[in-house]
Structures are given as structure tokens and as C-alpha cells.
Amino acid sequence: MKTSFITAAVAAMLLLSSCSVFRPAEKTGSSEKVTTVAVKAPKKDKKNKNKNKNAAAEASVPESPKGERPTDETLGGGQWQIVAVGDTKVTGEENLPYVNFQPSTGRFFASDGCNIVNGDYVLRSDGVMVFSNTLSTMKYCADVPYADAIGAALNGQERLTAESYRLGQDTYLYLKNAAGKAVLTLRRHNMEFLNGNWLVTSINGKQIDDEECNIFIDIAELKTHGNTGCNYFNGDIYIDPAATNAIDFSNMGVTRMACYKTAQETAMLVALEEATTAIAGKNDNTVLLLDRNGKQVMTLKRIPLPAQED
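These numbers were taken from a predicted model, which means no experiment stands behind them. Along every chain, residues carry numbers that run from 1 in the direction the sequence is written. Local features in a predicted model are, by the rule used here, given only for residues with pLDDT of at least 70; side-chain atom pairs are given and counted only at 80 or more, and totals for whole chains, interfaces and linings are based on all residues. As a rule here, side-chain values come from all non-hydrogen atoms in the structure, and water together with hydrogens is ignored.

Some points on the state of the cysteines
Formally: Note on terminology: pairs of cysteine sulfur atoms within 2.5 Å are recorded as disulfides. Secondary structure elements follow DSSP: runs of H or I of four or more residues count as helices, runs of E of two or more count as strands, with numbering from the N terminus. Three labels apply to residues, based on accessible area from a 1.4 Å probe with only protein chains included: buried if under 20% of the type maximum, exposed if over 50%, partly exposed otherwise in between.
Going through the model one piece at a time under the given rule, you end up with 2 disulfides. Residue pairing for Cys 230: its cysteine sulfur links by disulfide to Cys 259, the two sulfurs lying 1.4 Å apart. The sign of the -65° torsion about the S-S bond sets the Cys 230-Cys 259 disulfide as left-handed. You can see Cys 230 sitting in the loop between strand E14 (223-228) and strand E15 (232-238) and its partner Cys 259 sitting in the loop between strand E16 (248-256) and helix H5 (262-274), a full 29 residues away along the chain. Cys 230 gets classed as buried once you look at its relative accessible area, which sits at 9%. When its relative accessible area of 24% is taken as the criterion, Cys 259 is described as partly exposed. Cysteine pairing for the protein chain (bonded cysteines numbered in sequence order): 1-2, 3-4. Free of any disulfide, Cys 213 has its nearest cysteine sulfur in Cys 230, 9.6 Å distant. The class for Cys 213 is buried, based on a relative accessible area of 0%.

Okay, structure coming up:
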């Protein structure tokens, strides 16, 4: 697919305006008229789906293994979800606590599940993490029992040592007290392996041989666009921070031009709607999209950049 066609099509067919959430820190050469519509996917059972994800997340939190001192790159690689406070696992669907570290400034921005917290931090060469100059909003949330413990940890009231541990596509950060017990357990997804252009090679077990059937994924912007082999599409990506390898494609907008690949197009859009998990294949050049039951709904093969081609 030629770059000029992609650029023109994407610019002309962005159907959904994007919005930002502020946090502290945070072919066709035809003259046929092509119209666009916003396609609203069938509503997902978000409540049950999130329950399943949270249950899986709870079971997968490792019991504070011996890790290594995190690097600045590790700390600053994205938002850390607080998944356990002491021995208490953090669950829920909204207002989950998190921490964002900014190694370039030595600042952190966080939420204890109730209040916004920010301050300074220093990670010493011996792995000790010192928090200081901590400020917090003063909202009262009786239904967030772990907020005080998170606040105390981020206030520097206790000497904490930071250790990181990689498990599959997740990285865990443990803030441990002098006795070696994890006061806070944080997790960050590593879904960046999805970034780039992908050729769709199978849908629900059926092989696809169509170079026009592709998808582009941008994890940093949480956006996607591509071509079903018939029409261009674009949409949003949501990654549930409380679940491992979770992905959700939503708010899909699709152009409406008739072609003989309608069945393929429908199958692709439905597969994206059903996908809840993304995992790497046998190598970095393949990705498998699975539904909530673990069934493989789509296989993707990386499209190399021109510089990577022989």
C-alpha cells in the first residue's frame, strides 16, 4: 500500500475526535463517491469482562521475588499500577492507584485511589528509594482502605528499597521495607511489542492472503488504523492496567465502499471487537489476538520497514 494513499486516507477519514485526560505528570483511483460513517460496535459486557481480567490479575501477582535495582529507563517506561498494598491485592474497575516516575526531573506523580499525590524521589545506587517534598490533595474516601498506606509509603515515612522483576509482558516494581517485605507492589504492562504495521494472516483460523488487509497499532497514542481489504478503518485502543496482556479495540470508524471482500471485512472487524488479549507469537514478528475464552481470533505478521527489507 503506497504511503501517499495511506496518508491521504487517514487524514480524510479520521472519524472520531480524540480527547485527552489530564493528570499531573503525567484504490482508489475511482471517481466513485466514498462516504464514511462511525460504526458503533456491539456493546461488550465490560463488567463481566473486567471481573474476569481482575481475577486473572489477582492470581498472577508474584509473591515479591528477589529482583534487581531498576534503571531510570525501567522506572520511566510508563505508568505503574499499584496492584498490592502489603498483602492486600488492589482490585476494582475505576480509580485504581498508580505512580508515574519522571527520571529526568526526579519527580513522581501518583494517585492513591482517592487523592492525587506528587513529590520528589531519588533512587540511590544501593537501590534505596527516597521520597520527599510530597504533596497531596485532601479528599476523604472512606471506601479506599489502602489510601493511607500508599500515602505513607510515598511520604518517605519508611526506608524503602526498590526492586524490579520482569514476568512475561509485565514488569513488577517492589518497594520493600527493611525486613524485605513488599510495602507496595506495582505493575506496568509492556505492550510496546504491538507497535507498528501488521499484515493480517489469519482470522478465526482461516488463512488470509491479502496484502491490503492490514492494521497499524500505536500503543503510545492508543490508536489504530488500517484496511480490511475493502475499506479503511480507525479506532481507539484500551489497555486494562489491571490485567496481563489485555487489549481492547473500540470506537471503530469504517469507510463504506462496496467490494467483493465483504465477508473478510466483517470477519476482521468482528475479530477486533472480540479480541481481549494480545500475545507475541513464536518470534517478535508475529502477534496473536485472543478472545476472552483464549480462542485465537487473529494472527498478525509484522510488515518490515523499507530499511529492514533486503
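Let's pick the thread back up.
Considering the environment of Asp 170
For the record, the criterion: When checking whether two residues touch, look at their non-hydrogen atoms; a contact exists if any pair is within 4.5 Å.
Here Asp 170 shows up in strand E9 (residues 170-176). Under the relative-accessibility criterion, Asp 170 is labelled buried at 2%. Separated by 74 residues in the primary sequence, Asp 170 and Thr 244 have C-alpha atoms spaced 6.9 Å apart. Non-local contacts of Asp 170, meaning those with residues more than four positions away in its chain, are made with Tyr 165, Arg 187, Arg 188, His 189, Asn 190 and Thr 244.

Description of the packing of aromatic side chains
Here is the rule: Each aromatic pair joins two rings of Phe, Tyr and Trp (for Trp, the six-membered one) with centres within 6.5 Å, and gets the label stacked for planes under 30 degrees apart, edge-to-face for over 60, and tilted for any other angle. Put simply, a charge is over a ring when the Lys NZ or the Arg CZ is close to the ring centre, within 6 Å, and near the line of the ring normal, within 35 degrees.
All chains considered together, the criterion is met by 3 aromatic pairs. Ring centres of Phe 108 and Phe 131 lie 5.3 Å apart, and the angle between their planes is 85°; on these two criteria the pair is classed as edge-to-face. On the criterion of sequence distance, the pair formed by Phe 108 in strand E5 (residues 107-111) and Phe 131 in strand E7 (residues 128-136) is long-range, its members being 23 residues apart. Summarising the burial analysis for this pair, Phe 108 and Phe 131 share the class buried. With 6.2 Å between their ring centres and 15° between their planes, Tyr 172 and Tyr 174 make a pair best called stacked. Here Tyr 172 and Tyr 174 have matching classes, each one buried. Sitting above the plane of the Trp 80 ring, Arg 188 keeps its charged end 4.5 Å from the centroid.

Structural notes on unusual backbone geometry
For Asn 245, which is not glycine, the phi dihedral falls at a positive 60°. A residue is classified by how much of its surface remains accessible, and Asn 245, at 11% relative accessible area, is buried. Phi is positive for Asn 251, close to 50°, though the residue is something other than glycine. The residue Asn 251 is located in strand E16 in this model.

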